[in-house]
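Below, each chain spelled out in residue letters.
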Amino acid sequence: MKNLKKVTTVLLLAVCSVFFFSCSKDKDPEPKQLTPGETLSGTPWETTNAKNNKGENVALNDANVSNFVGFAYFKADGTFTMYNLDDSPKMHGDWTVSADGKTRTIVAKNDAGAVLFTRVVDITVLTKQEFTYRIYPNSNDKTVYFDIIHTPTTHAEPKQ
C-alpha cells in the first residue's frame, strides 16, 4: 500500500508539471495580417497563366493577353517596374491597391515622368501565392474577360 501511494504521488506530480510547463506565456505571436498593398509588394510576380471567361486556359502569346504578360516588381514606395519575359523593359510608374484589395491602379510614365496612361483593373485573387486581375477587351461588355494570373518568382529584377 505504501508503494501505491508513492507511485500515485509521483504520477500526480508528473501530470501536474506537464500542465504547468506546457502553458507557457511565451506564445508565438500571431502572424501579421498584411494589407493588400503589402501583399502585392511583398514579392516579385511572374505571369504564369491566363484564363478566359469560360475558364479555359489562354496561351500567353495570344493577342488578347500578351500585352499583360511579364515580370512585375511592385515596390513598397508605390513605384513599379515591369519587364517582358525576355527581360526587355515594358513600363514603369506608380501603383496603388484599394484598401479593400478589389482594384489595382497603375500609372505608367515615360522616362521624363510624364503620364502615358492609367489602368485600373479588378483584382480577383490577391494572396502571397497568387495575384490575378481581370481585363475586359471591351469595357462596355463585362461578359467577355481574361484573368491574368501571376505567381511569385525568384527572378531578379533586370538592370535597366
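Notes on the structure in this doc start here. None of these values were measured; they are calculated from a predicted model.

Here we look at the packing of aromatic side chains
Alright, step 1. Summed over the entire model, instances satisfying the criterion amount to 8 aromatic pairs.
Alright, step 2. Ring centres of Tyr73 and Tyr83 lie 5.9 Å apart, and the angle between their planes is 75°; on these two criteria the pair is classed as edge-to-face. Remark: Tyr83 occurs in strand β3 (residues 79-83) and Tyr73 occurs in strand β2 (residues 71-74); sequence separation between them is 10 residues.
Alright, step 3. Residue classification places Tyr83 among the buried positions, given a relative accessible area of 1%.
Alright, step 4. One Lys or Arg, Arg104, reaches over the ring of Tyr133 and ends 4.7 Å from the middle of that ring.
Alright, step 5. Above the ring of Tyr145, the side-chain terminus of Arg134 is found at 3.8 Å from the ring centroid.

Observations concerning empty space enclosed by the protein
Alright, step 1. All chains considered together, the criterion is met by 1 cavity of 30 Å³ or more.
Alright, step 2. Each pocket or cavity is described by its volume, and for the largest cavity that value is around 110 Å³.
Alright, step 3. Lining the largest cavity we find 18 residues, and of these Phe68, Met82, Lys90, Tyr133 and His150 sit closest to its centre.
Alright, step 4. Mapped onto the lining of the largest cavity, the elements with two or more residues apiece are β2, β3, β4 (89-97), β5 (103-109) and β7 (131-135).
Alright, step 5. At 3 residues, β2 tops the list of elements feeding residues into the lining of the largest cavity.
Alright, step 6. Looking at the lining of the largest cavity residue by residue, the classes come out as 11 nonpolar, 4 polar and 3 charged.

About the thresholds
Residues numbered from 1 in each chain as written. Predicted model: local features only at pLDDT ≥ 70, side-chain atom pairs only at ≥ 80, totals over all residues. Heavy atoms only, no water. Phe/Tyr/Trp six-rings, centres within 6.5 Å; stacked < 30°, edge-to-face > 60°. Helix = DSSP H or I, 4+ residues; strand = E, 2+ residues; numbered from the N terminus. Buried < 20%, exposed > 50% of the residue type's maximum accessible area, 1.4 Å probe, protein only. Lys NZ or Arg CZ within 6 Å of the ring centre and 35° of its normal. 1 Å grid on protein atoms, 1.4 Å probe; cavity = no way out; pocket = protein on both sides within 12 Å on 5 of 7 lines; lining within 4 Å. Points joined across faces, edges and corners; volume = space filled by probe spheres on them. Nonpolar A, V, L, I, M, F, W, Y, C, P; charged D, E, K, R; others polar.

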